[in-house]
2 protein chains.
Amino acid sequence: MVKRRKSKVVPPPSTCLLRECTRLISGAWTADVIWYLHEGERCFTELQTDLQGVSAKMLTIRLRKLEQDGVVQRLTKLTAPPTVWYSLTSAGHELCGALTNVVEIAQRLKRAQAVGA
Amino acid sequence: MVKRRKSKVVPPPSTCLLRECTRLISGAWTADVIWYLHEGERCFTELQTDLQGVSAKMLTIRLRKLEQDGVVQRLTKLTAPPTVWYSLTSAGHELCGALTNVVEIAQRLKRAQAVGA
DNA sequence: CTGTATCCTTGGCGATACTG
DNA sequence: CAGTATCGCCAAGGATACAG
């Protein structure tokens, strides 16, 4: 059953250019995954440790989405206990760099706020 | 009543540096507000029109938060029907620039994805 | 080890009505 | 015009258990 009250799930494409793009880094843990992957190749449990508090479910979802978006690469190594390694693509590294700029500005704003208030 | 089951609202400050920063641009319409404000000073209803679909409540919340974060400025003009003008601070413009970089990368990734799939 | 499936809670956000 | 207050829905995401 669809159950639409008015017209909820309406994606007006005009103003959504930005939203489509911010969707790339939206969601809990997304930025964190990119951040920790920037430090180098990591396997699943390592990431889960790094992100301290993320559930396996969310980590999987985020990694799948980022892989699909071309931000991270998945590499299965057929070792005795098979492990999977994740790393950033070149675009992923670029994205991380751009994100870093945002973070810097955010930090500066936070400091300014702390001084001001 | 606080009602904690395990230890839900735990804000471990170590890994949360990034989250604190991404929090700045998180939430529906936040990026859009910054985006449209970048084009110049806008009043409340103009923004509401620009953002096509935002409720007054959310717009107010976003503007208040962005103002509090030092991203936007609020200026009340005591005209006959009093109007309020919003604009980006200098930091806000920087933030918008940084966001633009992210958007560019996101667009490129989207094109690559369209080609690849 | 690396996930996947299910259940359940929380709060983000839309809708609506009211105020100065 | 520029908000504020209240209600309610729904989806994001945490917890847990299970699978390859």
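As a reminder, the structure under discussion sits directly above these lines.
The present account deals with the structure reproduced in this document.

### A word on the sheet that holds strand β1 (residues 42-43) of chain B
Residues and elements named next belong to chain B.
Here comes step 1: Spatial ordering of the open sheet is given by β1-β3-β2, a layout of 3 strands whose pairing is antiparallel. The open sheet has two free edges, formed respectively by β1 and β2 (72-77), since each of these has just one partner strand.
Here comes step 2: Looking at chain direction, β1 and strand β3 (residues 83-88) are connected through 2 bridges and run antiparallel. Looking across to β3, one finds that Cys43 is bridged to Trp85.

### Here we look at the protein's contact with DNA strand D
Here comes step 1: Surveying the vicinity of DNA strand D reveals 20 residues, the closest of which are Ala28, Lys57 and Arg62 of chain A together with Arg74 and Tyr86 of chain B.
Here comes step 2: Close to the protein, within 4 Å, the atoms of DNA strand D belong to sugar or phosphate groups at a rate of 74%.
Here comes step 3: One of the backbone nitrogen or oxygen atoms of Val84 of chain B is found 2.9 Å away from a phosphate oxygen of DNA strand D.
Here comes step 4: Contacts to DNA strand D include Tyr86 of chain B, whose side-chain N or O atom sits 2.6 Å from a phosphate oxygen.
Here comes step 5: When residues of the surface near DNA strand D are traced back to their parent elements, those giving at least two are α4 (56-68) of chain A together with α3 (44-50), α4 (56-68) and β3 of chain B.
Here comes step 6: When grouped by side-chain class, the residues that make up the surface near DNA strand D number 8 nonpolar, 5 polar and 7 charged.

Rules of the game
Residues numbered from 1 in each chain as written. Chains lettered and ligands numbered in written order. Predicted model: local features only at pLDDT ≥ 70, side-chain atom pairs only at ≥ 80, totals over all residues. Heavy atoms only, no water. Pairing = 2+ DSSP bridges. Helix = DSSP H or I, 4+ residues; strand = E, 2+ residues; numbered from the N terminus. Near = heavy atom within 4 Å. Polar contact = N/O pair within 3.5 Å; in protein donor to acceptor, adjacent residues only side chain to side chain. Nonpolar A, V, L, I, M, F, W, Y, C, P; charged D, E, K, R; others polar.

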